[in-house]
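# Descriptive analysis of the structure
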Amino acid sequence: MTEAYIYDAVRTPRGKKKNGALNAITALQLATQQLQAIRDRNGLDTALVDDVIMGCVSPVGEQGADIARSAVINAGYAESTAGFQVNRFCASGLEAVNLAAAKVMCGEADFAIGSGVESMSRVPMGSDGGAMGVDPEMSFDHYIVPQGISADLIATKHGFSRDDVDAYAMESQRRSAQAWKEGRFKKSIVPVKDQLGLTILDHDEHMRPGTDMQALGSLKSAFKDMSDFVGFEAVALQRYPDIEYLNWVHTGGNSSGIVDGSSAVLIGSKEAGLKAGLKPRARIRSMASIGSEPTIMLTGPVAVTAKALKKAGMSSKDIDLWELNEAFAAVVLRLMQAYEIPHDIMNVNGGSIAMGHPLGATGAMILGTLLDEMERTDKETGLATLCVGGGMGTATIIERV
Amino acid sequence: MKNFTFEIDSDGIALITFDSPGKSMNVISADVMADFDTLTAKISSDDSVKGAVITSGKDAFCAGADLSELGGSAAELAKLPEDEMKAKLFEQCFRLNRTFRALETCGKPVAAAINGLALGGGFEIALACHYRVMPSDNSKAKLGLPEAMVGVLPGGGGTQRLPRLVGLMNAAPILLQGKQIDANTALAQGIVHAVVPMAELVAKAKELVKENKLESKQPWDADKFRFPGGGPYHPAGAQMFGAASPMLRKTTYGNYPAQRYILSCVYEGSQVSMDEAIKIESRYFTKLMLRPESRNMIRSIFLSKQALDKGGRRPASQSKGEIKKVGVIGAGFMGAGIATVSVQAGIEIVLIDATQEGAEKGKQHAMDHFAGGVKRGKLSQEKADKLAGMITPTTDYNLLKDVDLVVEAVFENSELKHKITKMAEDVIPEGAVFGSNTSSIPITSLATASKRPDQYIGIHFFSPVEKMNLVEIIMGEKTGDYALSRAIDFVTKIKKTPIVVADTRGFYANRCVMRFIGEGMNMLAEGIKPALIENATRMAGMPVGPLSLQDEVALDLGVKLIKQTKADLGADYKPSPTEPILFKMVEEYERFGRKNAKGFYDYPAEKGQPKRLWPELEQFAPGGKYAEEQPSADEIKDRILYTQALEAARCMEEGIVQDPREADVGSILGWGFAPYTGGALSFIDTVGAAAFVKRADELAKAYGDQFAVPALLREMAKKGETFYGRFGKESAAA
């Protein structure tokens with residue numbers, strides 16, 4: 001089987017939802033600019049790119065009608081470059097990369113781009129409806145609760161207190177701020193341009209550097225009121241009846257931010273790279289997706305990590321650096337607990353709690369962040385993973401070449 | 001067309017009067033449906049008919065479908081191959097929808113003049129009309145779809161038409177919780193088009209037909225129809241549809257398929273045309289008919305309860321009599337409660353206590369209860385005052401001289417009860433029956449103090465009397481049929497359900513309840529997490545967990561009871577392995593239960609805060625540690641339901657209860673035994689005696705003698721019998 005290599009990775013800075021800089025920029029533009037950056041940074045003849053796979057979680061409105069193909073056309077790629085949009089909820093971006101890699105590995109594509117886009121300020125979360133939370137055949141029969149309830153369920157079941165999750169959140173803010181200060185994201189960041197071609201955003205604007213435990217501790221539970229009104233806690237406890245009640249530890253401060261953003265990763269075979277005169281940065285060592293219990297929903301990273309490690313013939317101790325999307329603090333604490341991962345090799349440059357989580361784009365973003373950091377600190381192996389709605393997990397293990 | 005009259009007026013509007021001969025209520029039966037089809041054809045094809053008004057010749061408009069007819073052909077259909085059986089059953093279930101759909105698409109305007117109560121199919125007739133009018137001056141005229149309360153779903157388009165009129169938010173309480181609404185609410189919500197005095201009801205309906213604003217078309221058949229409040233994928237609608245499932249799961253634990261299917265009917269039906277929607281409804285109705293819950297709930301909660309409420313257990317030798325005045329002796333919590341519910345049923349009460357102050361306090365309890373009713377708008381101040389006036393608090397036994405019946409509710413002390421019996425019998429008329437509300441002392445022994453032991457009977461209420469609708473009537477050795485009949489007169493008059501129980505320790509309900517609480521304690525002693533015990537018990541369909549219930553009845557009472565039983569039985573007493581838990585809770589920690597805010601739970605002083613399990617219960621687990629491996633919720637559900645059902649079966653074997661209907665209804669009303677099962681014996685019948693015995697044997701092996709199978713059940717398993725088959729007087733209903 002052909003090996004798949006990463007040749008480049010780019011991302012937008014993330015614009016916050018409320019009065020954010022990217023609100024006036026279409027999702028199509030966000031995606032277009034990332035594809036153009038991949039082309040221009042690498043002097044890439046786009047006729048060599050067989051396919052562009054784009055993650056997007058709310059593919060309706062301006063993100064509908066196969067946003068991937070729209071972005072490919074709009075970016076001025078060769079007519080022969082195809083494009084399709086995928087949705088694996090929060091892992092869509094990473095799944096897009098994995099699919100691109102799979103296409104290269106099986107010989108269908110020489111170059112393929114795994115990417116993602118989500119303008120959460122323009123196409124609100126949940127705009128695409130869906131049976132999962134609405135049709136009683138799903139929500140009633142399968143004990144479906146919103147993610148926040150699941151996050152608090154993880155915290156309750158696995159013993160993470162409010163202080164634990166707030167301390168994690170504070171560290172995420174600190175690390176993100178430090179990473180920006182030291183320019184650790186420089187390699188990947190492609191500033192977003194406005195309609196005139198002027199830079200409208202060149203940094204992640206959701207961050208709150210200097211946040212302390214007191215500020216975090218003063219925030220109200222983000223999910224208790226909704227649960228009290230509708231009864232989600234009762235639903236969760238019917239699935240986990242050994243728990244008496246949920247600890248409401250998650251707030252806006254220790255959960256991921258709602259932001260706009262886009263990302264892209266160029267994947268290709270060794271031969272394709274040679275032909276294009278590009279140097280591979282890392283090899284895809286293994287990849288995996290998995291289903292997990294849907295009510296607690298966000299424990300997929302634990303299971304999918306085991307699966308990806310097994311496919312790579314590795315153990316968790318063989319991983320030098322970890323990136324797990326900070327959907328909620330308890331999700332990260334749970335993976336660290338399960339594999340005894342030291343905090344100093346997990347999300348070393350912070351994550352979505354500080355910088356935000358543009359749903360469809362995040363997966364490809366954190367893979368790029370991981371690779372940049374592996375290069376900066378000269379690490380060999382890294383694992384990127386995300387928890388996923390509906391009870392799933394997706395992971396990718398890479399190693400430098 | 002024997003159920004309807006049909007008169008055409010000078011405007012060409014037909015007045016159709018629903019008036020089934022020989023019945024006090026109009027119900028929808030097979031021949032009513034046939035008549036309906038004839039009527040629709042006539043309205044549609046007769047050129048002289050311009051429109052129609054449907055009303056009723058009875059006080060009520062129509063009380064719905066004949067539940068006893070439901071699933072009548074099931075036995076016959078069961079012989080067919082599965083797919084064929086389902087298709088045939090669907091056709092039967094779709095019959096009503098076809099009929100109503102034909103009516104609303106007949107091409108001419110039809111109005112319902114809803115003169116009185118319209119429930120279930122009765123309300124659905126009205127919904128299938130283009131216009132609806134209700135009276136402003138008949139408080140009995142209400143609309144409702146109570147089907148879900150007996151495990152059925154509205155099968156005549158109710159799940160489709162009502163939400164299309166008022167949206168999911170307003171329809172949900174009516175569809176899912178059996179909420180009935182009055183004329184003004186119906187008008188405000190847009191369910192009816194006009195509310196006028198009864199005398200103008202038909203005229204107003206005719207006027208609406210003449211105006212015919214809808215042009216003989218239902219709103220949902222018009223092109224511009226939009227689902228009120230938004231359908232499932234409208235942004236506002238999605239919020240409501242998304243909330244409906246968790247709200248329903250919270251209260252039903254997934255045990256009630258009727259409600260669950262109603263939700264799917266609304267969700268799926270709201271996205272398609274009415275023609276498709278009613279097929280969806282009938283498919284879910286058919287699915288429901290194929291499950292045991294509907295059968296069991298209809299039988300126990302509707303048919304059996306109704307039969308018992310009508311005095312079904314009155315001996316053939318006796319006839320129904322009137323109860324006008326009752327003496328209640330002992331004005332404590334129980335006595336005051338009995339007085340309260342009695343005056344509400346129009347019975348005059350002499351409330352006697354040892355002191356005038358005590359008697360007055362009992363009356364105050366009733367007045368407080370009525371004041372609550374006034375506050376909630378359920379009762380006028382005038383009525384409340386009148387009810388209070390019907391209670392005479394006194395210490396004077398001479399006031400008992402003209403009572404029809406006495407109920408004593410004094411402390412559980414034989415001597416005291418003996419004394420009171422004598423004092424009362426000195427005064428009461430010869431025909432008066434003496435009832436004791438004892439919960440633990442054998443009636444036969446109490447009756448030794450009576451000069452008329454054949455007129456001495458147990459009338460055992462449950463606490464709180466205002467809420468608990470079961471009454472156990474205890475037959476002492478010498479209790480006669482007359483006393484039984486009078487007790488039934490009393491209990492049915494106060495709108496409680498009587499069951500007849502033999503005279504043994506704990507009678508029927510409390511014996512089973514002791515098993516329930518006991519099993520909870522057993523599990524705690526085995527190291528099962530208390531949260532799991534309590535949650536899984538509620539998931540099994542019980543209203544509260546065993547530890548909660550023990551807190552409610554009080555732990556110190558439990559200790560007292562154990563000591564009393566120990567004293568009574570002497571050497572025969574077998575201590576339970578969980579006794580030390582109770583003794584330690586009470587004697588070492590002074591945790592008495594809810595009454596001192598400390599029991600298995602901690603009860604916060606702050607109002608509105610939830611109770612929480614006492615964190616130190618782990619000490620009662622083996623080695624002070626909860627078991628590493630916790631059982632599944634299903635295992636606990638089985639233990640909880642089986643231990644109670646087995647005790648009920650033992651009560652049948654011992655003749656404590658004799659009629660499976662009483663055992664079932666008693667289990668649901670008396671201690672809330674999982675209503676979806678149809679009761680403790682229906683549960684066994686549904687599992688099947690053989691399978692039940694097999695599982696009980698497994699449980700006995702794993703957990704102990706509380707699961708020992710009585711010989712009766714083993715025999716039934718061997719012969720393939722059911723309780724209703726073997727003991728049922730109404731075995732056809734099984």
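Everything numeric in this text was worked out from a predicted model, so none of it was measured.

### Here's the deal with empty space enclosed by the protein
Residues and elements named next belong to chain A.
- Within the structure shown, the criterion is met by two cavities of 30 Å³ or more.
- Reported here for the largest cavity is a volume of approximately 40 Å³.
- In terms of lining, the largest cavity is formed by Arg14, Glu323, Asn349, Gly350, Gly351, Ser352, Met355, Ile366 and Thr369.
- Of all elements in the fold, only helix H13 (352-355) and helix H14 (359-377) reach the threshold of two or more residues within the lining of the largest cavity.

### Topic: the UniProt feature "domain: Thiolase C-terminal" (unreviewed entry) in chain A
- Annotation from UniProt places "domain: Thiolase C-terminal" (unreviewed entry) at residues 278-400 of chain A.
- For residues 278-400 of chain A, the helix share is 38%, the strand share is 25%, and the end-to-end C-alpha distance is 15 Å.

### Things to note about the UniProt feature "domain: 3-hydroxyacyl-CoA dehydrogenase NAD binding" (unreviewed entry) in chain B
- Under the UniProt annotation, the feature "domain: 3-hydroxyacyl-CoA dehydrogenase NAD binding" (unreviewed entry) is placed at residues 325-503 of chain B.
- With 39% helix and 22% strand, the stretch residues 325-503 of chain B has end C-alpha atoms that lie 27 Å from each other.

### Here we look at the UniProt feature "domain: 3-hydroxyacyl-CoA dehydrogenase C-terminal" (unreviewed entry) in chain B
- In this structure's numbering, the residues bearing the UniProt feature "domain: 3-hydroxyacyl-CoA dehydrogenase C-terminal" (unreviewed entry) are residues 506-603 of chain B.
- Strand forms 2% of residues 506-603 of chain B and helix 62%; the C-alpha atoms that close the span are 29 Å apart.

### Observations concerning the interface of chain B and chain A
- The interface is formed by 31 residues belonging to chain B together with 24 residues belonging to chain A.
- Between chain B and chain A the total buried area reaches about 2300 Å² when both faces are included, carbon and sulfur atoms providing 62% of it.
- Where chain B meets chain A, there are two salt bridges.
- Among the ionic pairs, Lys529(B) bridges to Asp242(A), the shortest N-O distance being 3.8 Å.
- The interface formed by chain B and chain A contains 11 residue pairs in polar contact (both at pLDDT 80 or more).
- Counting only elements with at least two residues in the side of chain B that touches chain A, the list comes to helix H8 (235-252), helix H9 (257-269), helix H19 (530-539) and strand S19 (612-613) of chain B.

### Details of the packing of H9(B) against helix H10 (residues 274-289) of chain B
Residue and element names in this part refer to chain B.
- Here H9 crosses H10 at 165 degrees, and the two axes come no closer than 9 Å. Between H9 and H10, the angle is such that the two are roughly antiparallel. Crossing handedness for the pair H9 and H10: right-handed. Judged by residue contacts, Pro257, Ala258, Tyr261, Ser264, Cys265, Glu268 and Gly269 of H9 engage Ala277, Ile280, Glu281, Tyr284, Lys287 and Leu288 from H10.
- Among the residues forming the contact of H9 with H10, the class breakdown is eight nonpolar, two polar and three charged.

### Here we look at unusual backbone geometry
- Going from Ser463(B) to Pro464(B), the amide bond is cis rather than trans, its omega being -5 degrees.
- In this model, Tyr143(A) sits at a positive phi of 55 degrees, which is unusual for a non-glycine residue.
- A residue is classified by how much of its surface remains accessible, and Tyr143(A), at 16% relative accessible area, is buried.

### Regarding the environment of Leu127(B)
Residue and element names in this part refer to chain B.
- Relative to the elements of secondary structure, leucine 127 occurs in helix H4 (residues 121-127).
- In sequence terms leucine 127 and alanine 112 are 15 residues apart; their C-alpha atoms lie 8.3 Å from each other.
- When neighbours within four sequence positions are excluded, leucine 127 is seen to be in contact with Glu104, Arg132, Gly158, Arg161, Leu162, Leu165, Ile191, Gln218 and Trp220.

### Brief notes about the UniProt feature "active site" (unreviewed entry) in chain A
Residues and elements named next belong to chain A.
- According to UniProt, the feature "active site" (unreviewed entry) maps to Cys90, His357 and Cys387 in the numbering used here. These residues run over 298 residues, yet every pair of their C-alpha atoms falls within 12.1 Å of each other.
- In this fold, histidine 357 is placed in the loop between H13 and H14.
- Residue histidine 357 is classed as buried on the basis of its relative accessible area, which comes to 3%.
- The contacts of histidine 357, once residues within four sequence positions are left out, are Cys90, Met120, Ser256, Gly257, Val259, Asn325, Ser352 and Thr362.
- In this fold, cysteine 387 is placed in strand S11 (residues 381-388).

Cut-offs applied
Residues numbered from 1 in each chain as written. Chains lettered and ligands numbered in written order. Predicted model: local features only at pLDDT ≥ 70, side-chain atom pairs only at ≥ 80, totals over all residues. Heavy atoms only, no water. 1 Å grid on protein atoms, 1.4 Å probe; cavity = no way out; pocket = protein on both sides within 12 Å on 5 of 7 lines; lining within 4 Å. Points joined across faces, edges and corners; volume = space filled by probe spheres on them. Helix = DSSP H or I, 4+ residues; strand = E, 2+ residues; numbered from the N terminus. UniProt positions renumbered as here; feature names shortened; annotations may be inferred. Contact = heavy atoms within 4.5 Å. Buried area = accessible area lost by both parts, 1.4 Å probe. Salt bridge = Lys/Arg side-chain N within 4 Å of Asp/Glu carboxyl O. Polar contact = N/O pair within 3.5 Å; in protein donor to acceptor, adjacent residues only side chain to side chain. Axes fitted to C-alpha atoms, helices over the stretch in contact; angles between N-to-C directions. Parallel < 35°, antiparallel > 145°, perpendicular 65-115°, else oblique. Left-handed = near helix turned anticlockwise from the far one by under 90°. Nonpolar A, V, L, I, M, F, W, Y, C, P; charged D, E, K, R; others polar. Buried < 20%, exposed > 50% of the residue type's maximum accessible area, 1.4 Å probe, protein only.

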